[in-house]
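Take a look at the letters that make up each chain.
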Amino acid sequence: MINDSIDRYGSVTRFFHWLVAVLVIQQFFKFGDIINDGKHWLGETFGPYHTSVGAIIMILAILRLLWSMKQKNQRPIIEGANSKLVKTVHGIMYFCLIAMPPLGALYIHGHGYPVKIFGQVLIEKPAEKIQWAQNVGELHSILAILLAILVIGHIAVALYHHFIRKDDTLRRMA
Ligand code: HEM
Ligand code: HEM
């Protein structure tokens, strides 16, 4: 089924969810840059694709958000005392996925480098470093930490539902 239904997320929602999940977890390898000043295989392997993959994630997140709005009245209902918290966390995750790419671009631009996506220059190298862009761009790292914490919590809750509560929460997204 392409569309969501009350018992299960449809194929489009599941495709968006798992593709974005894999790409986001791959983006987290950028934390590997912190190890040994970037001279670590994690940072060296995934680092070069970080900007381009980040741009794809942003586009997928926007499309996914539009799709989930269309499915609003026919998707599984998130129930329970924590439903507001769960929806807020999902909302913050979407916000991170959409806000982090422009912030990353500001960080790079502010430090005096061109912003390239798939080898194409998207924003030219500035004549000199731009302090405000550097400062705003720092938010990228803060959101990266926030998103990592939320994703860890999100995975833990999904596993808790599946193995301890033994309900349908993970199955309807699988
Ligand atoms: C939603 C997509 C993205 C995610 C989840 C993500 C995640 C991360 C993570 C986990 C880090 C390591 C944290 C740190 O070094 O402080 C990082 C660093 C970085 N990201 Fe992203 N990123 C995304 C998109 C982008 C995009 C599109 C760009 C550029 C246009 C970008 C540019 C950077 C830069 C320059 C750093 C290094 C910052 C520093 O050294 O302080 N990121 N990102
Ligand atoms: C790594 C990045 C991930 C992000 C950004 C993410 C984000 C989201 C978001 C925003 C939703 C709300 C539904 C929607 O709009 O599609 C959701 C639902 C869900 N996610 Fe994730 N997710 C990630 C990884 C995972 C992983 C690894 C698992 C499993 C272990 C998982 C399990 C679920 C489940 C079971 C739901 C349905 C919750 C419900 O209907 O109550 N997610 N996820």
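In case you missed it, the structure is sitting above this.
None of these values were measured; they are calculated from a predicted model. (Residues numbered from 1 in each chain as written. Chains lettered and ligands numbered in written order. Predicted model: local features only at pLDDT ≥ 70, side-chain atom pairs only at ≥ 80, totals over all residues. Heavy atoms only, no water.)

### Re the packing of aromatic side chains
Rules: Only Phe, Tyr and Trp rings are paired, with Trp represented by its six-membered ring, and only when their centres lie within 6.5 Å; those with planes under 30 degrees apart are stacked, over 60 edge-to-face, the remainder tilted. Burial classes: relative accessible area under 20% of the type maximum marks a residue as buried, over 50% as exposed, and values in between as partly exposed (1.4 Å probe, protein chains only).
A complete count under the given rule lists 2 aromatic pairs for this structure. The interplanar angle of 50° and the centroid separation of 6.3 Å between the aromatic rings of F15 and F16 together place this pair among those described as tilted. The class for F16 is buried, based on a relative accessible area of 11%. Ring geometry for F28 versus F31: centroids 6.0 Å apart, planes at 25°, classification stacked. On the accessibility criterion, F28 (18% relative accessible area) is buried.

### Some words on the site of ligand 2
Spelled out, the test is: Residue proximity to a molecule or strand is established when one non-hydrogen atom of the residue lies within 4 Å of it. As used in this structure description, the phrase polar contact means that two N or O atoms lie within 3.5 Å; if the pair is within protein, one of them must be able to donate a hydrogen and the other to accept it, and residues adjacent in sequence are counted only when both atoms belong to side chains. Note on conventions: DSSP H or I runs of at least 4 residues are helices, E runs of at least 2 residues are strands, and numbering of each starts at the N terminus. Residues are grouped as follows: Ala, Val, Leu, Ile, Met, Phe, Trp, Tyr, Cys and Pro are nonpolar; Asp, Glu, Lys and Arg are charged; all remaining types, including Gly, are polar.
Taken together, 20 residues lie near ligand 2, and Y9, H17, Y94, H154 and R172 sit nearest. Taking Y9, its side chain carries an N or O atom lying 2.6 Å from an oxygen atom of ligand 2. Between a nitrogen atom of ligand 2 and a side-chain N or O atom of H17, the distance comes to 2.8 Å. Put simply, the parts of the chain that give the shell around ligand 2 at least two residues each are α1 (11–27), α4 (83–110) and α6 (139–165). Top element by residues in the shell around ligand 2 is α1. It accounts for 5 residues. Tallied by class, residues from the shell around ligand 2 come to 12 nonpolar, 5 polar and 3 charged.

Read these as spatial facts, not as claims about activity.
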